[in-house]
Amino acid sequence: LGYSLRPGYGIAVDDWRVAETWRLLQGKLVHPSPVCRTESLILWRRIAGGLSSGQQRAIAEPLLGSVRALHRRYHGGKDRGETIFSPHEANEVWRLLGSLELLPLGVKNELGKMLVDLLPKRKLEASRGAMLWTLGRIGARAPIYGPLNAIVPTEVVSRWIESLLASPPDPQAAFAMLLLARRTDDRYRDLPDSLREQVVAWLRTCPETPPHFVELVETAGTLDIEEQGQIGRAHV
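Please read these numbers as outputs of a predicted model, since none were measured by experiment.

**Q** Sorry, what's going on with the overall build of the chain here?
**A** For the chain, the count of helices and strands is 12 helices and 0 strands. Listing the helices and strands of the chain from first to last along the sequence gives α-α-α-α-α-α-α-α-α-α-α-α. For 236 residues, the compact-globule estimate of 2.2 N^0.38 gives 18 Å, and the C-alpha radius of gyration of the chain, at 18 Å, lies within 12% of that figure. A buried classification covers 50% of the 236 residues belonging to the chain.

Below, the structure written as structure tokens:
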């Protein structure tokens, strides 16, 4: 179902199809095993662009509760007995959260801060790629379908970037950095020139970084087909 409806918008009557999917399936998982829960996450991820802001918040809230519990576990907080998603589900939880561009800015800011804190944890290494992708998506300078007033402020994204700059570059981190630092020629969305120059220098130290990444951060431009596919991975 998610495969046939993705990305949930752009075709006539998509709004009705997504509304019917929500009515029939949301909160009605018959077999809530880890595998079925994971497939449910993939469904909502694929059609996230067709969900309303209220629907996105309804999907995100229980997942954010688990993320907060995970964050407390690694940062000395009190264990309140909340459910923390299994390793099998973890990557899809992150990718779904990263696909919800209509979440309130306060939620995006909180999620990004928790991601930055959790990324260095070795026990979460298996989810590092998904976490980086999610950080890039929620802080992207150019959203896929969300409005410009839902973009995380540059001062917040700058702090996330400074944390990434302190780590060795690799292809997954480089892609997240592209999304966070991409130049748009919009002074309200673009990072300070000095910080973008640091990002460019950091990207150039990663031998696997495509030259086009540097170009997009340094001088703006449009994404190629492969880059669009990486950003839109939520819909595949």
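So much for the structure itself; the text now carries on.
**Q** Even after reading the chapter, I still don't get the environment of arginine 183, so can you show me in this structure?
**A** Position of arginine 183 relative to the elements: it lies in the loop between helix 9 (171-181) and helix 10 (193-204). For arginine 183, a relative accessible area of 28% puts it in the partly exposed group. In the structure, arginine 183 is positioned 13 residues away from arginine 196 in sequence and 8.4 Å away in space, judged by C-alpha atoms. Each residue touching arginine 183, except ones within four places of it in the same chain, is listed here: Asp190, Arg196, Leu216, Val217, Glu218, Thr219 and Ala220. A distance of 3.1 Å separates a polar side-chain atom of arginine 183 from the backbone oxygen of glutamate 218.

**Q** What exactly am I supposed to notice about the packing of helix 4 (residues 53-74) against helix 5 (residues 87-99) here?
**A** The relative placement of two packed helices is expressed as an angle between their axes plus a distance between the axes. As a packed pair, helix 4 and helix 5 sit with axes 11 Å apart at the nearest point and diverge in direction by 125°. With respect to their mutual orientation, helix 4 and helix 5 come out oblique. Where helix 4 crosses over helix 5, the handedness of that crossing is left-handed. Along its contact with helix 4, which presents Ile59, Ala60, Leu63, Leu64, Val67 and Leu70, the element helix 5 presents Val93, Trp94, Leu96 and Leu97. For the contact of helix 4 with helix 5, the per-class residue count stands at 10 nonpolar, no polar and no charged.

**Q** It is not clear to me how the side chain of threonine 209 should be interpreted in this structure. Could you clarify?
**A** On the secondary structure map, threonine 209 appears in the loop between helix 10 and helix 11 (211-218). Reaching out from threonine 209, the side chain makes a polar contact with the backbone oxygen of leucine 203 at a distance of 3.3 Å. Those residues in contact with threonine 209 that lie beyond four places of it in its chain are Ala174 and Leu203.

**Q** Honestly, the pattern of salt bridges in this entry has me stumped. Any pointers?
**A** Any two side chains of opposite charge can pair, on the condition that their charged atoms come close. According to the stated counting rule, one finds 14 salt bridges in the structure shown. A salt bridge links arginine 17 to aspartate 14; the nearest nitrogen and oxygen atoms lie 2.9 Å apart. Remark: aspartate 14 and arginine 17 occur in helix 2 (residues 14-25); sequence separation between them is 3 residues, near one turn of the helix. As a salt-bridge pair, aspartate 170 and arginine 128 come within 2.8 Å of each other at their nearest N and O atoms. Here aspartate 170, found in the loop between helix 8 (154-165) and helix 9, pairs with arginine 128, found in helix 7 (residues 128-138); they are 42 residues apart in sequence, far enough to count as distant.

**Q** Just checking my understanding: could you explain empty space enclosed by the protein for this structure?
**A** To find leftover empty space, one rolls a probe the size of a water molecule over the atoms. Scanning all chains against the criterion turns up 1 cavity of 30 Å³ or more. Around the largest cavity sit Gly98, Glu101, Lys108, Arg137, Ile138, Gly139, Ala140, Pro143, Ala150, Ile151 and Val152, which together line it.

**Q** How should the environment of proline 34 be read in this particular structure?
**A** Relative to the helices and strands, proline 34 resides in helix 3 (residues 34-46). Proline 34 sits in the partly exposed class, given a relative accessible area of 37%. Remark: the alpha-carbon pair of proline 34 and phenylalanine 85, spanning 51 residues in sequence, is separated by 8.8 Å. Non-local contacts of proline 34, meaning those with residues more than four positions away in its chain, are made with Ser86, His88 and Glu89.

**Q** I tried to follow the nonpolar core on my own but got confused; where do I start?
**A** Within soluble globular proteins, side chains that are nonpolar tend to cluster in buried spots. In this structure, Trp94, Leu97, Trp160 and Ile161 are the most contacted members of the largest nonpolar core, which totals 65 residues. For this core, the element with the most residues is helix 9, which contributes 9 residues.

**Q** What's the story with the layout of surface pockets in this structure? I'm lost.
**A** Computed from the structure, the largest pocket encloses a volume of approximately 560 Å³. Elements with a contribution of two residues or more to the lining of the largest pocket: helix 3, helix 4 and helix 5. It is helix 3 that provides the largest number of residues to the lining of the largest pocket, a total of 7 residues. Tallied by class, the residues present in the lining of the largest pocket amount to 14 nonpolar, 5 polar and 4 charged.

**Q** Teacher, can you tell me more about unusual backbone geometry here?
**A** Most peptide bonds are trans, and most residues other than glycine sit at a negative phi. The linkage connecting arginine 6 with the following residue, proline 7, adopts the cis geometry, with an omega of 0°. Following the sequence through the fold, proline 7 ends up in the loop between helix 1 (2-5) and helix 2. A positive phi angle, near 70°, is found at valine 13, a position not held by glycine. Within the secondary structure, valine 13 is located in the loop between helix 1 and helix 2. You will see that aspartate 185, though not glycine, has its phi angle at about 65°, which is positive. One can find aspartate 185 in the loop between helix 9 and helix 10.

The rules behind each value
- Residues numbered from 1 in each chain as written.
- Predicted model: local features only at pLDDT ≥ 70, side-chain atom pairs only at ≥ 80, totals over all residues.
- Heavy atoms only, no water.
- Helix = DSSP H or I, 4+ residues; strand = E, 2+ residues; numbered from the N terminus.
- Rg over C-alpha atoms; globule rule 2.2 N^0.38 Å.
- Buried < 20%, exposed > 50% of the residue type's maximum accessible area, 1.4 Å probe, protein only.
- Contact = heavy atoms within 4.5 Å.
- Polar contact = N/O pair within 3.5 Å; in protein donor to acceptor, adjacent residues only side chain to side chain.
- Axes fitted to C-alpha atoms, helices over the stretch in contact; angles between N-to-C directions.
- Parallel < 35°, antiparallel > 145°, perpendicular 65-115°, else oblique.
- Left-handed = near helix turned anticlockwise from the far one by under 90°.
- Nonpolar A, V, L, I, M, F, W, Y, C, P; charged D, E, K, R; others polar.
- Salt bridge = Lys/Arg side-chain N within 4 Å of Asp/Glu carboxyl O.
- 1 Å grid on protein atoms, 1.4 Å probe; cavity = no way out; pocket = protein on both sides within 12 Å on 5 of 7 lines; lining within 4 Å.
- Points joined across faces, edges and corners; volume = space filled by probe spheres on them.
- Core = buried A, V, L, I, M, F, W, Y, C linked by side-chain atoms within 4.5 Å.

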